[in-house]
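Okay, here's what each chain looks like letter by letter:
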Number of protein chains: 2
Amino acid sequence: MMKNIPYRFYLTEEQMPKAWYNLRSAMKDKPDPMLNPATLKPVTADDLRPVFCDELVRQELDDSTDYFPIPQPILDLYRVYRPSPLIRAYNLEKALGTPAKIYYKFEGNNTSGSHKLNSAIAQAYYAKAQGLTTLTTETGAGQWGTALAEACASFGLDLTVYMVKGSYNQKPYRKDVMHTFGAEVIASPSDTTNAGRAILAGDPDTSGSLGCAISEAVEKAVTSENCRYVLGSVLNQVLLHQSIIGLECYEAFQQIGDYPDLIIGCAGGGSNLGGLIAPFMRDKLQNKADPRVIAVEPASCPSLTRGRYAYDFCDTGRITPMAKMYTLGCGFIPAPNHAGGLRYHGMSPVLSKLYHDGYIEARSYKQTEVFDAAVQFARIETILPAPESSHAIRAAIDEALRCKETGEAKTILFGLTGTGYFDMAAYTLYYDGKMTDRVPTDAELEAAFAKLPDIGA
Amino acid sequence: MMKNIPYRFYLTEEQMPKAWYNLRSAMKDKPDPMLNPATLKPVTADDLRPVFCDELVRQELDDSTDYFPIPQPILDLYRVYRPSPLIRAYNLEKALGTPAKIYYKFEGNNTSGSHKLNSAIAQAYYAKAQGLTTLTTETGAGQWGTALAEACASFGLDLTVYMVKGSYNQKPYRKDVMHTFGAEVIASPSDTTNAGRAILAGDPDTSGSLGCAISEAVEKAVTSENCRYVLGSVLNQVLLHQSIIGLECYEAFQQIGDYPDLIIGCAGGGSNLGGLIAPFMRDKLQNKADPRVIAVEPASCPSLTRGRYAYDFCDTGRITPMAKMYTLGCGFIPAPNHAGGLRYHGMSPVLSKLYHDGYIEARSYKQTEVFDAAVQFARIETILPAPESSHAIRAAIDEALRCKETGEAKTILFGLTGTGYFDMAAYTLYYDGKMTDRVPTDAELEAAFAKLPDIGA
């Protein structure tokens, strides 16, 4: 029974999830384990403890526990900015003339400007609980770095952020926001690490990549006292924390009396999409429902649509464990692309496995197509979307227009991960007709694949 | 009976106000009428119609009707981004160690980044309903211009924005946001109007002011076809529209079972504060409750705390009607100040009258004091506040600390009007210790007062 659905639906505090959902527990065919690059054997908790704090190691490796209770201090911070609204895009539906019902989960209403804060708070909390004093991380577009800076300010931790140099230069104010929360921000590659110096030696003018920045942040963490590294995407633990997005959606749909036929999310490392789909994919894996899921990525960094499903390093410097994932090769550095948060060579092993097994579809869009959708959306829905999020908007609009052709009143849910306030330089390029749509050639991809680690399998 | 109060309280769509409240109706002593500068007689509807559209003229002049029903198309757009949350700042209370209960009404969760959208939608709607095709306006910090650009995009109106040159240069991305919504943005003073050319002739290097920009926008409107001028603050009609803020608060406090002892808002032209206090001031005027109200302004532009209560022009070019208000003189141009939205020489006639009659207190803060509070607040509440809003934060923190001294558990409500994403240049100055606290000297103010219009009274 469908109720009268408001434009913005908020759960009450009582209705908010009290535990994260571990999607791996519902997968009969689990993602392949990460490998220790020295032994080529599955990583152990002992392997990971120098890098991650203990509870996060447990969450990373546990693929059978279904729910992880959310500690009270994390719930206390979640409620400062959550629940995020589930928005019924009545105006967009009307503008498109589609019979489809379009919903989006908007995660941009906090200063980090994105969903990243959900995992940042969790990771900072566990670090503090373990008695650590310092964290390191990388950031692309800057949303993750900002989120972690916020979380570290809340728990009284020091933070060093390695920010992809291209974004650092394109978004000068991002570092000032991180500064507001007391973080140190270093453009990557930098001369502060061996990994950074090696990359600079090879290409002094590189604009960097998430892979490079990860290498530097990990090196810094393992060579510092009381310090650990944290990552804003890709990892199982991050998808676990981000399940809060999907769980809130799931509860909201129950309250509203609807259920998505189609779930769409942008995918860089996979944290947003993995979190958004978690309870719905459980239903799908358990044959209780059959929503279509579409991962949307930039044509400039098409790990799912053009990558290989193979073991690869998570970083450019080849110092992390290897993960089985769709990858463009850890040496791949995408063309400058303003969706900085999607410039990662690989994809979450969980999503990679689901894609490989046919539970998820994927598609890619060129930048200008994405900005077309961003501007259309902003004018109609009065939210200025981040370029990353706009990939999902593009796909949602296309699917809604398809419904218009077929006359199907499908229920579409997409993740609006964040706002574009710090992406105005990219919007300006778009307005001025100077935005490029460079995509890698097959030869470039083949060259990157040739450097995939040989694990003798 | 006090209920368990969530961090963020949202009204349901059913609980949202369906009419604006006209605070003037509760004032026994009405604000003095605006005067036609040519006749020195109260302005008539006929005087105002060349400048404002007809329904807004009616709202501007009506000081007896208590409620104005909100037209459905406006309600339809309000619900895209409203209700705004009433936030109980538990974390801030804890950090301050105060027995006070601190609430804030957060209006920053829309792309304009502020409460300005509430009136922009109303003004654009009435213009469209009257068959106009084009609007002009001025903007200081850029929030009003962005809000009106959003509203004009929704109703299909053209828009020209005169943006104070200082802000235009400090905030290059602001104009790109307005561009997203299809607006034309011109740095003011400009050579596109007689008023602008005259000001430039006198001071070619001026960084401009809201007063200058108003002159240009009004001139452009009255010399163009099917075009009217709209203003984001000061006017009675704007306070009327902004009453949605206070009405939502009032209803939320009823739901929660609390009532503010103290209401605090930043005051530039007065739109936010006037809207926030509307129903509470009604209670005060009708002796049903007695909340203290504090208007907070920048020491660099202290219209209430150091201005004169006198008839003055609303613009620098002296082409608007004259209003009885607290003013620094329409020729006063404040020192560059990063709270661009508070750089106005006058104050809403409604608030001026209430202040004059002792219903409102006022205080001013220097810029660095305000940014101290902004950064403290951001770290604790995870919202990056606009410099304008941070004036209210400063006062709220000071009042909460006073409660700590006295042990009083007062209920404090303040208006958090917007976000500071486009104010990072100012934050950077603050971090670098380069922010100045220039305030006008008495001699400077006397010189400005000397140029107040002589109305022979």
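Check the entry above for the structure.
Residues numbered from 1 in each chain as written. Chains lettered and ligands numbered in written order. Predicted model: local features only at pLDDT ≥ 70, side-chain atom pairs only at ≥ 80, totals over all residues. Heavy atoms only, no water.

Asks: How do you make sense of the side chain of Thr136 of chain A when you look at a structure like this?
Replies: All names here are of chain A. Tracing the sequence through the fold places Thr136 in strand β6 (residues 134-139). Given the relative accessible area of 0%, Thr136 is considered buried. Of the polar contacts made by the side chain of Thr136, one reaches the backbone oxygen of Ala217; its length is 2.7 Å. With near-sequence residues (within four places) excluded, Thr136 lies in contact with Leu159, Thr160, Ala217, Val218, Lys220, Ala221, Cys227, Arg228, Tyr229 and Val230. (Helix = DSSP H or I, 4+ residues; strand = E, 2+ residues; numbered from the N terminus. Buried < 20%, exposed > 50% of the residue type's maximum accessible area, 1.4 Å probe, protein only. Polar contact = N/O pair within 3.5 Å; in protein donor to acceptor, adjacent residues only side chain to side chain. Contact = heavy atoms within 4.5 Å.)

Asks: Sorry, what's going on with the pattern of salt bridges here?
Replies: Where side chains of opposite charge bring their charged atoms close, a pairing between them can arise. Residue and element names in this part refer to chain A. Per the counting criterion, the structure on display carries 44 salt bridges over all chains. For Lys105, the salt bridge is made with Glu248, and the minimal N-O distance between the two is 2.7 Å. Here Lys105, found in strand β5 (residues 101-106), pairs with Glu248, found in helix α11 (residues 236-256); they are 143 residues apart in sequence, far enough to count as distant. Of the two residues, Lys105 and Glu248, both sit in the buried class. Each of Arg292, Glu361, Arg363, Glu399 and Arg402 takes part in salt bridges that share partners, so that together they form one network. (Salt bridge = Lys/Arg side-chain N within 4 Å of Asp/Glu carboxyl O.)

Asks: I'm lost on unusual backbone geometry in this one. Help?
Replies: Across residues other than glycine, the phi torsion is negative in most instances, and most of the peptide bonds are trans. Here the amide bond leading from Arg82 of chain A into Pro83 of chain A is cis, since omega sits at -5°, within 30 degrees of zero. The phi dihedral of Asn287 of chain A is positive, around 60°, even though this residue is not glycine. In this fold, Asn287 of chain A is placed in the loop between α12 (271-285) and β11 (292-298). Under the relative-accessibility criterion, Asn287 of chain A is labelled exposed at 70%. Positive phi, normally seen in glycine, also occurs at Val234 of chain B, with a value near 65°. Assignment of secondary structure puts Val234 of chain B in the loop between β9 (227-229) and α11 (236-256). According to the relative accessible area criterion, Val234 of chain B is buried, its value standing at 3%.

Asks: Please clarify how the sheet that holds β11 of chain A should be interpreted in this entry.
Replies: What holds strands together in a sheet is hydrogen bonding between their backbones, with the strands either parallel or antiparallel. Residue and element names in this part refer to chain A. Taken together, seven strands build an open sheet; the order of strands is β1-β4-β5-β15-β10-β11-β14 and the sheet is mixed. Lying at the two open borders of the sheet, with one neighbouring strand each, are β1 (8-9) and β14 (361-365). Relative to strand β4 (residues 86-88), β1 is paired through two bridges, and the arrangement is antiparallel. Residue pairing for β4: Arg8 is matched across the bridge by Ile87. Against the sheet, α12 touches β5, β10 (262-266), β11 and β15 (411-416), its axis set at about 155° to β10. Most of the contacts of helix α15 (residues 367-381) go to β14, to which it runs at about 95°, and overall it touches β4, β5, β14 and β15. (Pairing = 2+ DSSP bridges. Axes fitted to C-alpha atoms, helices over the stretch in contact; angles between N-to-C directions.)

Asks: I keep staring at the interface of chain A and chain B and nothing clicks. Help me out?
Replies: It is common to give the size of an interface as the accessible area that goes away when the parts come together. The interface of chain A with chain B comprises 43 residues on the first partner and 43 residues on the second. Summing both sides of the interface, chain A and chain B together bury roughly 4,000 Å²; the carbon and sulfur share of this comes to 57%. The tally of links from chain A across to chain B stands at 16 residue pairs in polar contact (both at pLDDT 80 or more). Breaking the side of chain A that touches chain B down by element, the ones donating at least two residues are α3 (72-81), α4 (90-96), α6 (143-155), α8 (172-180), α15 and α17 (424-431) of chain A. Grouping the amino acids of the side of chain A that touches chain B by side-chain chemistry returns 22 nonpolar, 12 polar and nine charged. (Buried area = accessible area lost by both parts, 1.4 Å probe. Nonpolar A, V, L, I, M, F, W, Y, C, P; charged D, E, K, R; others polar.)

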